[in-house]
Amino acid sequence: MTLTGNFILDQTLTIILYGTIVVLFVSVNALFLVWAERKISARIQLRQGPLHVGFQGALQTIADAIKLISKELIWPRESDKFVFWLAPILVFAPVLSAFIIIPLSQHFVIRDLNVGFLFVFSLTNISFIGIFIAGWSSNSKYALLGSMRAVAQNISYEIPLLLSTMGIVMAAGSLRLTDIVAYQNKYWFICTQFPAFLIFITAALAEANRAPFDIPEAESELVAGFHTEYSGMRFALFFLGEYTAIFISSAIGASLFLGGWHGPFLPGPVWLLLKTYLLVFIVMWIRWTFPRLRSDQLMALAWKVLIPFAMFNILVTAILIYYQKFFI
Amino acid sequence: MVSTLVKTNIKDWLLETIKPEEFSEKNLKVAGILFEALVPQNKIAEVAREYFSQGYFLESITAVDFSECLEIVYHFNQWGPAKRSCIKILAPKNASGAPIATAPSITSIYKAADWFEREIFDMFGVVFQGHPHLKRILLPESSTIHPLLKSFKGEPKGSDVEQCLKLLKEDAETFEITYPQSIKQQNNHYYLNMGPQHPSTHGVLRLLLHLDGERVLDAEPVIGYSHRHHEKMMEIQNYLACWPNFGRLDYVGAMSYNFGYALLIEKAMGVVPPPRVEYIRVLTTELNRIASHLLWMGTFLLDLGGFTPFFYCFDDREKVLDILEAATGERLTYDYFRFGGVDHDIPQEMVPAIKKFIPAFKERLRDYDKLVTKNVIFEHRTKGLGLLSKENALAYGVTGPALRGSGIAMDLRRDEPYSIYPELDFNIPTRTDGDVYSRYVVRVKEMEESLKIIAQIIDKIPAGDFKSGKLPKNVPKGEYYSSVESTRGSFGIYLVSDGTLNPYRIRLRTPSFSNLNAIIDMLPGCLISDVIAVLGSTDIVLPEIDR
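Attention in this report is confined to the structure presented alongside it.

About the cut-offs
Residues numbered from 1 in each chain as written. Chains lettered and ligands numbered in written order. Predicted model: local features only at pLDDT ≥ 70, side-chain atom pairs only at ≥ 80, totals over all residues. Heavy atoms only, no water. Pairing = 2+ DSSP bridges. Helix = DSSP H or I, 4+ residues; strand = E, 2+ residues; numbered from the N terminus. Axes fitted to C-alpha atoms, helices over the stretch in contact; angles between N-to-C directions. Core = buried A, V, L, I, M, F, W, Y, C linked by side-chain atoms within 4.5 Å. Buried < 20%, exposed > 50% of the residue type's maximum accessible area, 1.4 Å probe, protein only. Contact = heavy atoms within 4.5 Å. Salt bridge = Lys/Arg side-chain N within 4 Å of Asp/Glu carboxyl O. Expected span 1.5 Å × (residues − 1).

Here we take up the sheet that holds strand S9 (residues 206-212) of chain B. Residue and element names in this part refer to chain B. Strand order in the open sheet formed by three strands is S8-S9-S10, with antiparallel pairing between adjacent strands. Only two strands of the sheet have a single partner each, and these edge strands are strand S8 (189-194) and strand S10 (215-222). Each strand axis lies, on average, 20° off the axis of its neighbour in the sheet, ignoring direction. Bridge count for S9 against S10 is seven bridges, and the pairing is antiparallel. Within S10, the position partnered with Asp-212 by the bridge is Arg-215.

Next comes the structure, spelled out in structure tokens:
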């Protein structure tokens, strides 16, 4: 893209422009998701949800955000101040940067990286370091327990999450998201890779710390888990990070399994958003339906069920692809 | 387990072997006990061992302050038809002051005696010799008073706040001094104070967990944070003024506590309430039982991380509360029963409202069954967890749904029948596993049974008076024990009346107190997530434990 002709200036301006767009989108999107979650959970739970601020309580989240911004930021006396300050940023920033590779249409993508969605997964892993140091630096037992659980959970579920996508990579022959989506113009990968889709959704739920895998913040056990000691906008950053992570996972899921921008009548970006929000809705639906798993059961599910099935899926896909090539 | 011969056995055994100093037969229908015996102090351990071997559980230990000595009163009862008996020992007051009196401990025989004896030590200053860790239980450890002694007259109100703050600070300091040393000794282990401010302790309970990673090595419930001293309060009030106290013990299921007090005084005075009153009482109590179980179910599933059932349960509970509000004018701390009657008659519109509620709630119970009881995650979380064996249930004196989850069909509505329960047709649901899941299923089934009871009597409420005539203001001199099946187990009241306008001593035997004590043996080996599930499954209400 050329704006001024000067390469360095161009690059800087592009980064600022894209950065602004992404931050704006993320903020508005998170506000919308929080509102949607409240409304959906309310409908599931025989309630009305927020009603009074704005139409159907649409501005309630903004009111809450203002409340959170105006709150005092509390430093626990025994905390490690610098790391305590750093943790929310470390959680939020990587999730934010993951936006740059989501392809809204064939050409509408900020950076079309050839490592593709691996980049997203490596970034979301950085945010787990943030979660861990948040719990560690708080110097609170509940927070520490929460962050310990978070690390164990992340390490376990990263593997099935990646393995479940390998079948698609093998079929499409590329890690690049635009290639994978373009490959799906005849049929979506959910048709051929349905078991992988189930594994992906389960592992993505666990990666985003969502119920029934919300053990790092299990509020009935660990008060609030790793962010027990956080208040005000620092807490809000964790919250924002969580919702953005859900959105990113869903967007990746929509691109990998649901054909990304493909769809009749409507333009590509609209289709992608629709599919993403459908997955987000499923995630919320699951959250408000199931009780929480125990941490050891969570590990057993990852290592004894998801990983073997994902491996098996890769094997079957590999055999099918081999014979397809062999015969054609 | 226990044959019909046992009753004569234990009595004969007492008369032959122990040779009690005093012995008298009582009427179970009036005094609530079969016999009482005064035994020498040094024989109490032997008596307790015999009771334990014959399958009796320790219902309560309490003390009564007489001017010369303290009388320590043991109530033993049996699973199955009520065979309560009362054993007393005397603990003469020490002339030199501290300790006020001494008595032998029976903690090595009954685990339940641990907390009961600590409570007596707390309230009367009786030192139990042989108790492994005799310390205060309801009052702060640094307090210096023994409030249930007749010589204690209370302190001026202004000093209370300062005193309390001072005591709390001292408690915190002693904790800091005591525990870090033990942490250093075993460097992988640490202590976690779960509570008193914690989302899932259902009130102000502190669980002191000794942890290795997430695994519990040891757990100690610390109670007393909502202690208001109902027993002392009632000693300085007249009998009628005690009513509100019974609504505030277990605020979730207050109706059965009303029932217990009404039965106690009616038995003592020889009053038989009119039939309409009996029907109204059973109707409101069973509705309240449903409301209480619904609250438990919602919060229990919330503890397990299922948020949605909470709202469904509260939606149903709201309907029950609306019905009860129409009858009593209250939604939570019911103060509805009176001696020989109820406060006012039920309104006309209550019967159709209940008739509408019954089929709707049956539908809901089916939904709960589909959504929760058969949920895979729920089953995995609760099956085989928090095991309560029959031996432990006996040793701790566990009653109520927790006991029925361990396979013992003990329900005072059938075992010690009161009011119109003998005429009603209802089952006592039991499960044999003794785990968290069984206790859950038992409570859900109990809601169905309560619904069955309501359906039976709703059309048969006889017309008539809703209260009996004028009653005397005092209770005849004597000792009375009355027991009802509350939502949480058997709730007993022991009354010592000296014939005056105030009770001389009222002892409240609250079921959750013993039930909570039993989790000490259920928790070791659990993870933190399981602690919450086990605690939730015992269905405790803290104000009832702390009294």
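Past the structure itself, the notes keep going.
Looking now at unusual backbone geometry. Residue and element names in this part refer to chain A. For Leu-46, which is not glycine, the phi torsion reads 60° and is therefore positive. Counting through the fold element by element, Leu-46 comes out in the loop between helix H1 (7-44) and helix H2 (60-69). Its identity is not glycine, yet Gln-56 carries a phi of approximately 50°, on the positive side. Note on placement: Gln-56 falls in the loop between H1 and H2.

It is worth spelling out the nonpolar core at this point. Within the largest apolar cluster, 166 residues are counted, with the highest numbers of intra-cluster contacts made by B:Ile72, B:Tyr74 and B:Tyr261. Sorting elements by how many residues they give to this core places helix H8 (residues 275-303) of chain B first, with 13 residues. Not counting chain neighbours up to four residues away, the residues in contact with B:Ile72 comprise B:Ile61, B:Thr62, B:Ala63, B:Ile87, B:Lys88, B:Ile89, B:Ala91, B:Ala103, B:Ile120, B:Val126 and B:Phe128. Grouped together as the second largest cluster of nonpolar side chains are 66 residues, A:Leu33, A:Leu163, A:Ile252 and A:Ile307 included.

Let's shift gears to the pattern of salt bridges. Residues and elements named next belong to chain B. Scanning the entire structure with this criterion turns up 48 salt bridges over all chains. A salt bridge links Asp-122 to Arg-136, with the nearest nitrogen and oxygen atoms 2.6 Å apart. Here Asp-122, found in helix H3 (residues 113-124), pairs with Arg-136, found in the loop between strand S7 (126-129) and helix H4 (157-185); they are 14 residues apart in sequence, far enough to count as distant. Take Asp-122 and Arg-136: they sit in the same class, and that class is buried. Put simply, Glu-318 and Arg-331 hold a salt bridge, and the shortest N to O gap is 2.6 Å. Of this pair, Glu-318 sits in helix H9 (residues 308-328) while Arg-331 sits in the loop between H9 and strand S11 (337-338), and the two are 13 residues apart along the sequence. The class of Arg-331 is partly exposed, set by a relative accessible area of 26%. Through salt bridges with shared partners, one network takes in Glu-286, Arg-289, Arg-404, Asp-411, Arg-413, Glu-446 and Glu-485.

On to helix H5 (residues 141-172) of chain A, then. Each full turn of the α-helix corresponds to 3.6 residues, which orients residues three or four apart in the same direction. Along its 32 residues, H5(A) runs 47 Å from first to last C-alpha, staying within 8% of the 46 Å computed at 1.5 Å per residue. Positive backbone phi, at 70°, marks A:Gly173, one or two positions downstream of H5(A).

All names here are of chain B. Across the eight residues that make up strand S5 (residues 85-92), a large majority, six, are buried. Judged from the three bridges that link them, strand S2 (residues 35-38) and S5 form a sheet pairing that is parallel. Bridge pairing links Ala-37 to Ile-87 in S5. Where strand S4 (residues 69-78) meets S5, eight bridges bridge the pair, whose relative direction is antiparallel. Following the sheet pairing, Glu-71 is matched in S5 by Leu-90.

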